[in-house]
Amino acid sequence: HPEFYELTQRRVSLTDLNEIWFLRSINYRQRIFDLIKRIIDVVVAIVGLVLFVIVFPIVALLIKATSRGSILFIQSRVGQFDQQFKVYKFRTMALGEGNTWTAEKDLRITSIGKILRKLRIDELPQFINIFLGNMSLVGPRPEQVHIVEQLNAQIPYYNERHMVKPGLTGWSQLHVYANSVEGSKLKLQYDLYYIKHRSLWFDLEIILRTVFHILTLQGQ
């Protein structure tokens, strides 16, 4: 049963989705929640930007000392309402990485890049995106433009994940590292569950779980 599956798995079943499900289940506009969430985003982004400025000289030196190329990695991503924006990250891959999915143990990731990813330091520049309003602290992961086009063509209702702001962390990011169409289908299940149940308490749970993942060096 769809409700039992959602309750026990904390993700939605894609086979049961239709237009009526979205109309009945999801309230995309939650004005008070969105306002409070934006205030929290700005406050956290200011703190994150201070940390970014502090670590920048050290991280920049390490990146430059271990590989050729720019310090920051800038790439177009798809955000809320399909609006494209430039996402900022510390560069963790060798030159010539191109626009493609990153494998879990990608050989293009540099030695210092592995450390930056494990500690999530490579994500610090994204506080710029959060401050500008392109992203939120919590939400679905923003994907590359050509990957979104590919997934829209292959996964029904994939574009619904763009009805909210993408996030630095999120419910799906805690469960799946998607680098394929099948992985993206599973990720969509978690994204839609988050969108359906989003609240300040759910955001807090996701943030605390993310901190735990960072402290225990889980994920990439």
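Look up a bit, the structure's there.
Remember, it's a predicted structure, so these values are computed and weren't measured experimentally.

**What to know about the environment of glutamine 83**
Looking at the element boundaries, glutamine 83 is found in the loop between β1 (72-78) and β2 (84-90). Residue glutamine 83 is classed as exposed on the basis of its relative accessible area, which comes to 54%. Sequence separation between glutamine 83 and tyrosine 194 is 111 residues, and the spatial gap between their C-alpha atoms is 20 Å. Excluding its chain neighbours within four sequence positions, the residues that come into contact with glutamine 83 are Arg77 and Val78.

**Remarks on the side chain of glutamate 143**
Residue position: glutamate 143 is located in the loop between β3 (136-138) and α6 (145-154). Not counting residues up to four positions away in its chain, the partners in contact with glutamate 143 are Arg77, Val78, Val148, Tyr158, Arg161 and Lys187.

**Describing the packing of aromatic side chains**
Inspection of the entire model under this criterion finds 10 aromatic pairs. Between tryptophan 21 and phenylalanine 22 the ring centres are 5.0 Å apart and the planes differ by 85°, which places this aromatic pair in the edge-to-face class. There is no split in this pair, since tryptophan 21 and phenylalanine 22 are both buried. Each ring, one from phenylalanine 22 and one from tyrosine 157, has its centre 5.0 Å from the other, and the planes form 40°; the classification is tilted. With a gap of 135 residues between them, phenylalanine 22 in helix α2 (residues 19-25) and tyrosine 157 in the loop between α6 and β4 (167-169) connect regions that are remote in the sequence. Here a set of aromatic residues connected by ring pairs shows up, and it is made of Trp171, Tyr190, Tyr193, Tyr194 and Phe202.

Rules used in this analysis
Residues numbered from 1 in each chain as written. Predicted model: local features only at pLDDT ≥ 70, side-chain atom pairs only at ≥ 80, totals over all residues. Heavy atoms only, no water. Helix = DSSP H or I, 4+ residues; strand = E, 2+ residues; numbered from the N terminus. Buried < 20%, exposed > 50% of the residue type's maximum accessible area, 1.4 Å probe, protein only. Contact = heavy atoms within 4.5 Å. Phe/Tyr/Trp six-rings, centres within 6.5 Å; stacked < 30°, edge-to-face > 60°.

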